[in-house]
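# Structure at a glance
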Amino acid sequence: MKMPEVLPAAACVDILHVEDDDHYADIVRRWMTPRGLTVARVRSRAELYGYLSAAPRLPRCLLIDPGLGDSHGLGLCDALKKAPSLQQLPIVLFSGSDLTACECLEHGVLHLIRKGAGDLPQLFAALTSVINQHSRSQGVVDIGDMHLVPSDLEVHLNGRIIAKLTPGPFAALLLLVKSAPNAVSDATLYTAFLERRRYHDRGDSALTIRVNLKEYVYRLRHDLGPAGARIERIRGEGYAYHPPV
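Residues numbered from 1 in each chain as written. Predicted model: local features only at pLDDT ≥ 70, side-chain atom pairs only at ≥ 80, totals over all residues. Heavy atoms only, no water.

Pairing of strand S6 (residues 91-95) with strand S7 (residues 111-114), which is carried by four bridges, proceeds in the parallel orientation. Bridging across to S7, Phe-94 finds its partner in Ile-113. Considered for its hand, the β-α-β crossover made up of S6, helix H4 (residues 101-106) and S7 is right-handed. (Pairing = 2+ DSSP bridges. Helix = DSSP H or I, 4+ residues; strand = E, 2+ residues; numbered from the N terminus. Right-handed = clockwise from strand over helix to strand, strands pointing away.)

Here is the structure:
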């Protein structure tokens, strides 16, 4: 048996392509990779389960050929959607069969794209849409050039990680970003900073909140580097995040 084509273990693969035809596997990889989507490939149902059981992170989307030699594609989709640890994976089919879109939807498939060179732009659009929506459902937030990943408490800027925060500061930054361009009041932001601390409900005075919050915001700005200057004090209102125009 040939080994699956995988990326380094630490990588989070965008697309896991389940395809036993080398020609179409190569076409998909050559089309998607230059456009910013990482692709790994397995050739069968058995290789798929082997990859998923060993991967430190699940792929962001499955692209499946329903005509696999060891499993009919729709049956494989049913099995994936019944597995508690795998059912969250979004599925797109890239098929040369006569399946209908309705049949695919009934088996938990989000998109059916017909095989052919002319359908590659549609396939790319479908995969990009699915991956982006899946990220949003997991709490990922984009605002301009900043990208926040709650699962890893990471802050990305222009595709590069600039900070890995602790839960309280990350919650505060997320609140500021979601509220932008409006300000967040001192009391509300203070509570976000103390989200994981047991004493956050002790009823601190307005003065205590203001003094401590100033220090918390200072540390957050420091952790964010130059991007920290985007967090500004708005007199009488609180703090606001202002992305660059």
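Following the structure, the description resumes.
Next up on the list: the sheet that holds strand S1 (residues 15-18). Pairing within the open sheet is parallel, and its five strands lie in the order S2-S1-S3-S6-S7. On the outer flanks of this sheet lie strand S2 (39-42) and S7, each paired with one strand and no other. The average undirected angle you get between the axes of adjacent strands in this sheet is 20°. Judged from the three bridges that link them, strand S3 (residues 61-64) and S6 form a sheet pairing that is parallel. Looking across to S6, one finds that Leu-63 is bridged to Val-92. (Axes fitted to C-alpha atoms, helices over the stretch in contact; angles between N-to-C directions.)

Let's shift gears to the pattern of salt bridges. On inspection of all chains with the given rule, the structure shows eleven salt bridges. Measuring nitrogen to oxygen at the nearest pair gives 2.7 Å for the salt bridge that ties Arg-41 to Asp-22. Placement of the pair is Arg-41 in strand S2 and Asp-22 in helix H1 (residues 22-32), with a sequence separation of 19 residues. The structure contains a network of salt bridges with shared partners spanning Glu-19, Asp-65 and Lys-115. (Salt bridge = Lys/Arg side-chain N within 4 Å of Asp/Glu carboxyl O.)

With that settled, consider the pairing of strand S12 (residues 231-234). Two strands pair when backbone bridges link them, and S12 and strand S13 (residues 238-241) are joined in this way by four bridges, in the antiparallel orientation. If you follow Ile-234 over to S13, its bridge partner there is Gly-238. What sits between S12 and S13 in their antiparallel hairpin is a turn of three residues, with Gly-236 showing a positive phi close to 80°.

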